[in-house]
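Secondary and tertiary structure notes
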Amino acid sequence: MDSAWARLGAPGCRTQPSPHLTSWPEAPSQVSLGLGGHPASSHPAVSLSAAGPLGWTGVPSDCRAPREATCNFVCDCAGCSDETRCGYHGASPTLGAPFACDFERDACGWQDVSTSGYSWLRDRAGASLEVLGPRSDHTLGTDLGWYMAVGTHRGKEASAAVLRSPVLHNAAPTCELRLWFHAASGDVAELRLELTHRAETLTLWQSSGPWGPGWQELVVATGRIRDDFQVTFSATRNVTHRGTVALDDVVFRGCGLPTPQAHCPLGHHHCGNMACVESHQLCDGEDNCGDGSDEDTPACRHHTTTDFETGLGPWNHSEGWARNRSAGARHPAWPRRDHSQNSMQGSFLVSMAEPSAPAVLSSPEFQASGAHNCSLIFYHYLHGSVDGSLQLFLQTRSPGSPQVPVLLRRRHGELGAAWVRDRVDIQSQHPFRVRPERAVAGRGRVGTWEHRSGPPDPCFASTDKSSPPPGLWAPAPGPQLSSLLPQDFCEPGHLSCGDLCVPPEQLCDFQHQCEGGEDEQECGTTDFEPPAAGGWEDASVGRLQWGRLQAGESGGPGADGSGAAAGHFLSLQRAWGQLTPEARVLTPPLGPSGPRCKLRMAYYFHGDSQGFLALFVVEGGRREPVWQAPSSSGDWKADTVLIGARRRPFRLELVSLVDLDGPGQQGAAVDDMTVEDCSPVTATEKDAEVSCNFERDTCGWHSGHLTDAHWRRIESRGPGYDHTTGQGYFLLLDPTDPPARGPGAHLLTQPQAPAATQECLSFWYHLHGPQIGTLRLAVRREGEAETLLWSRSGTHGNCWHKAWATLHHQAGSGAKYQLLFQGLRDGYHGTMALDDVAVRPGPCWASRRCSFEDSACGFSSSGQGLWTRQTNATGHVSWGPRTDHTTETAQGHYMVVDMSPHALPRGHVASLTSEEHQPLTQPACLTFWYHLSLRNPGTLQVHVEEAGRQQVLSLSAHGGFAWRLGSVDVQAERAWRVVFEAVAAGVERSYIALDDLLLQDGPCPRPASCDFEVGLCGWSHLPWPSLGGFSWDWSSGATPSRYPQGPRNHTHCHFVLFETGVLGPGGRAAWLRSQPLPATESSCLRFWYHVGFPEHFYKGELRVILSSARGQLAVWRAGAQRRHQWLDGHVEVVSAEEFQIVFEATLSGQPALGPIALDDVEYLAGQPCQRLTSSQGDTALAASVPTVVGSALLVLIVLVLIGLGGWRWLQNKRSCPSRAETAAVAPGFDNIVFNADHVTLPASLTDPQ
């Protein structure tokens, strides 16, 4: 922890002559003391806005601002055009608004100045196949947002990528720079933020990690910068680092200097350059006017000022303090620059003492005068540790009385790498000294920290008699300095209670070590009646701070949170800081905590639209928002905030911003804070409830907090409904609501004791949307790596699906397990949901769907050959397909058997057998994708084992580079298995592979034909990254959805659709692809389509493409005027080689909410289209659909249309049945077992059409 004094001064306070005054060889930054000769006046007005209005005064929009007026954080032209190349776009901002660049439009003038191939460029996640960087930007939280990034660099030499800002001009003393960066640990060696001004380059921030997995916030204060300067952000990599770094949302806040004004508000000072500053900014050691005139007034000449540039002046010090400078600093947490000169060549005082030794600084002796104030202004620096503190004591000398120090101010903990202004007003009838001291942490704990004292800044006589804003600990008689040292037998940092010495890591861990619970006191729980305030520490550095206040004082609430008229609470108050306006207060380090940990509190909040009151959880470098006051009101309210399971150490942080000088007596306060149910070792009966329908609560499931995305328990309404009853509760994850930046959301159980060696976990899931992410199920065991049990990616239609997985436990081990659902944010348009989780003893039935991505799905290999699950991620597998079918990437998994003679001799068999499937109540279709090597591998036979073995399919066609679809009809009234047998042909370098097995109800359709009632029938909607990563979805007109859909389908209930409104800069189209089809001289493709848009000039388009080894040929397209009916489309297909049919949904105009839907696709192989129907808006390409024009054909078309209209009318009369008509009402269950498969949809949610 660094604590540094920077300028100290006292105007008009008379120094007592002393023969013992000695001059320090070196000292803190600047000190100013002053005595005012006027009676005390009222507190000056406090403004929360940044220094300097940003408005413009009637300058023409085509104005040409002088060079020094561009990029100076002040709008000199209408529309702020003079600032557009330095991070601001749009109309003139309001007073105090930040200048921000989100890189959505352009690079805002930032330029890459790297000298190697390792360089910066403007990029977005959706534009690159590389997944090493962020999957989303920080501004939008999706893959469509832009940021600046450096990609992987495969050079063998160390290199640095340097990003430089445009030339900026004149930063105010309050200027701070905020940005968000993304750099996973191990990817880069060092990150550095530097500011170049004239011939000096200041390091504002430097870090070698470790960094978290998501976006990290960085806030630095620039200080007052005169004339031109530039900021650079650099990433350095060496040979072992991949070097992936991203930068987003760069914000300069409070950087503009005040503009000239004809007249100043009351209580303000008119500067030499006609700008206006507040009276408390005079003689404070900072150039707030911009021309230095606020530091050169006649009143400032009477101040006693010490800036420690040439020595300590009249200040004395004992052992432990030394004058130093940033250049050549010996400790990484030391200030990078002093305050007086904002330069690393400037001097300040720093504490050099050991943590257990005192470091005391003493002012000269002053004699105050009468009832007037002697005011001390100083700048201090506390950074590098949460345990260090700086205390300011007043020691008086009066005849015949002991010298008892009085505590004037105490600052504790991490305040950031910046010089922070403070002020204390002193009244004394006796001579006095001011003594800053580095103090040990409270409650007998000593932090491991280094205290630096940079020169106390000006203590000067106030021209007004404004009372000092009370801190969290108001000035009060303090203990003797000697009493601040530990008086027990425990080591520094340990707490003594009875015969125990409690180490720091066991304090506030929600487990009592002391009999009286002393180790768990001051851990956040308090009613603020005791002055210790429950351990809450103010960490504000701006014009607001948190302070303990009594009801009725300072215009706050007339009673505390419990209604007591004389009670105390924690309230926002005025402060003397000059940096970030928000006020912050934190608990001591807490944890670890259990999943039920929560905070109960009473709160009061009354503010304008810019104000807020929020609670954060701070873990390491990450701040997670967990609560915000919902609205402004003038009454006390109560609320409960779930904190959840957290690692140690974490801290609770209250942050608030209000305008105390605004209308309506604005303010914020909290009271009656209670942290409860936080023990990580206390288990309840509810923790063992894994089976849950979420109707009552979340049972034994709790949300993880390693990311800011969360699962939420939602009641059925609007676009969502639960699976249990259709009107109950379920768990929902929306990747963009509220805006989340983390990699995903976790849902966990507490550690569970197995009930049997095998258990079956079943659940219902819902994955819906054009670009939804991945849902995974995993199991954790202590001392073992996490095991993935199940996963699904992308849309699975607007319906609930049942899934299950078998949990295998080691007999007699007694080891507990923990279940984990992970919702990954690798998609940003859609929702995922969970419901009706159940666990029962015994194994599960075989899964109806298997992609082999997570496991072998229980398949077992037998025979002389060996089926293996493999991936080609390394690119060096000796046999097998280059990509799988599920993901169509080398990282995907599949099952494969080596058919070479040395592995499987000619005529020998390798068998792959499934687990037992449950009996079928109706005929079903088993589909699978297979891949045969170019060299003839032999024969793939499919058998169904029920009572005996029955062969149902044999495949021995030549191989190729494509995966092909196989299907078999299955009927089984008893438990059954499927067996795949590979019979070898004895050919070298041959193989057979399997992927994506799916069992669905109903008979198997013809190739490339589908009515979409039970699924996609082999049509692939895999999102292609090159097209934007969007998918066609599967839905019905009777199912509620957040996405617009067709009124109902063409035949029954279900269809496929794509919402084009998600397309834009990050996506061009979405494809729906058939299985590979053999060459054909003439075949007919028929389908029904629906295209609807709000206006005719919004051009969505549906195209049919034939894709083959030769390329792609568009053979049909339909435009996009608004339609209210399904239309018939048909295409005559001709291809001389194997091909796939592709339906492409795309835009040819502005993005708009409008669905494109397909239904009843029918491919008639070898059958030419017998008749053509020319529907309005259809455009047939001459090369693909021959057209014969003649009167006879025209008559025929009219007759067909009339007949079609009548048939369509009959179809519409048979409206899509609601779920209430087709499914029995499914009973709920009381968190034990759920057996029903159906959902009853509430009538209020059904489509009115």
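Per chain, residues are indexed from 1 in the order of the written sequence. For a predicted model such as this one, the threshold for reporting local features is a pLDDT of at least 70, and the threshold for listing and counting side-chain atom pairs is 80 or more; totals across whole chains, interfaces and linings nevertheless cover every residue. The side-chain values count all of the structure's non-hydrogen atoms but skip hydrogen atoms and water molecules.

Things to note about the nonpolar core
Keep this limit in mind: We define a nonpolar core as any set of buried Ala, Val, Leu, Ile, Met, Phe, Trp, Tyr and Cys residues linked to one another through side-chain atoms lying within 4.5 Å. Relative accessibility decides the category of a residue: with a 1.4 Å probe and only protein chains considered, values under 20% of the type maximum give buried, values over 50% give exposed, and everything between is partly exposed. In DSSP terms, a helix is any run of H or I states spanning at least four residues, a strand is any run of E spanning at least two, and both are numbered starting from the N terminus. Contacts: residue pairs with any heavy atoms within 4.5 Å of one another.
Counting residues in hydrophobic clusters, the biggest one holds 42 residues, and the most contacted among them are Trp-120, Phe-181, Leu-191, Leu-193, Phe-233, Val-245 and Phe-252. Examining the composition of this core, we find that five residues originate from one element, strand S14 (residues 225-237), more than from any other. For Leu-191, the contacting residues outside a window of four places in its chain are Phe-181, Ala-183, Trp-205, Gln-206, Ser-207, Trp-211, Phe-233, Ser-234, Ala-235 and Val-245.

Some remarks on the state of the cysteines
One way to say it: the disulfide is the covalent bond shared by the sulfur atoms of two cysteines. Counted only if it meets this: Throughout, disulfides are identified as pairs of cysteine sulfur atoms within 2.5 Å of each other.
By the definition in use, this model includes 15 disulfides. There is a disulfide in this structure between Cys-101 and Cys-108, and the S-S distance comes to 1.9 Å. Torsion about the S-S bond of the Cys-101 and Cys-108 cystine: about 85°, corresponding to right-handed handedness. The buried category is assigned to Cys-101, whose relative accessible area is 2%. A disulfide bridge connects Cys-760 with Cys-844, and the sulfur atoms are separated by 2.0 Å.

Things to note about the sheet that holds strand S39 (residues 637-642)
Backbone hydrogen bonds hold the strands of a sheet together, and the pairing may be parallel or antiparallel. The criterion, for reference: Strand pairing is assigned whenever DSSP identifies at least 2 bridges connecting the two strands. All axes are obtained by fitting lines to C-alpha atoms, using only the stretch in contact for helices, and the reported angles, taken between N-to-C directions, cover 0 to 180 degrees.
The strand order across the open sheet built from five strands is S33-S34-S41-S36-S39, with neighbouring strands paired in antiparallel fashion. The open sheet has two free edges, formed respectively by strand S33 (544-550) and S39, since each of these has just one partner strand. Averaged over all pairs of adjacent strands, the angle between strand axes in this sheet comes to 30°, irrespective of strand direction. The pairing of strand S36 (residues 598-606) with strand S41 (residues 667-676) spans eight bridges and is antiparallel. In the strand pairing of S41, Tyr-604 is matched with Ala-669.

Observations concerning the confidence of the model for the protein
Detailed reading of the predicted coordinates is not advisable wherever pLDDT is low. What counts is decided by this rule: Residue-level confidence of the predictor, termed pLDDT, takes values from 0 up to 100.
For the protein, mean pLDDT is 77; residues scoring 70 or higher make up 75% of the total. Every residue in residues 16-61 is under pLDDT 50, and counting partners more than four places away or in other chains gives 235 contacts.

A look at the pattern of salt bridges
Quick reminder of the rule: Each salt bridge in this description consists of a side-chain nitrogen of Lys or Arg and a carboxyl oxygen of Asp or Glu lying within 4 Å of one another.
Across all of its chains, the model carries 39 salt bridges by this definition. Among the ionic pairs, Glu-619 bridges to Arg-646, the shortest N-O distance being 2.9 Å. Note that Glu-619 is positioned in strand S37 (residues 612-619) and Arg-646 in the loop between S39 and strand S40 (651-657), a separation of 27 residues in sequence. Taken individually, Glu-619 and Arg-646 each receive the classification buried, so the pair is uniform in this respect. Glu-945 is paired through a salt bridge with Arg-949; the nearest N and O atoms lie 2.7 Å apart. Salt bridges linked by common partners bring Glu-176, Arg-178, Glu-217, Arg-253 and Glu-582 together as one network.

Quick look at the environment of Ala-985
Residue placement: Ala-985 occurs in the loop between strand S61 (977-984) and strand S62 (991-1001). Ala-985 sits 80 residues away from Pro-905 along the chain, and the two C-alpha atoms are 7.7 Å apart. Once you skip the residues sitting within four places of it in the chain, Ala-985 turns out to touch Arg-906, Asn-936, Pro-937 and Gly-938.

Here's the deal with the sheet that holds strand S32 (residues 537-538)
One open sheet accounts for five strands, arranged S32-S35-S40-S37-S38; its pairing is antiparallel. The open sheet terminates on both sides in strands that have one partner only, identified here as S32 and strand S38 (622-628). Of the pairings in the sheet, the one linking S37 to S38 comprises six bridges and is antiparallel in character. Note that in S38 the partner of Ala-614 across the bridge is Gln-628.

Examining the packing of aromatic side chains
The cut-off we apply is this: Classification of ring pairs uses Phe, Tyr and Trp, with its six-membered ring standing for Trp, and accepts pairs whose centres are within 6.5 Å; under 30 degrees between planes counts as stacked, over 60 as edge-to-face, and the remaining range as tilted. We count a charge as sitting over a ring when the NZ of a lysine or the CZ of an arginine lies within 6 Å of the ring centre and within 35 degrees of the ring normal.
Applying the stated criterion across every chain yields a total of 27 aromatic pairs. Residues Tyr-603 and Trp-627 carry aromatic rings whose centres are separated by 5.0 Å and whose planes lie at 70° to one another, so their mutual orientation is edge-to-face. Residue Tyr-603 is located in strand S36, and its partner Trp-627 is located in strand S38; the two are separated by 24 residues in the primary sequence. Both residues of the pair, Tyr-603 and Trp-627, count as buried. Of the aromatic side chains, those joined through ring pairs into one cluster are Trp-701, Phe-763, Tyr-765, Trp-790 and Phe-821. If you follow Arg-423 out to its NZ or CZ, it ends over the ring of Trp-576, 4.3 Å from the centre. Geometry around Tyr-729 places Arg-713 over its ring, the cationic atom sitting 4.0 Å from the centre.

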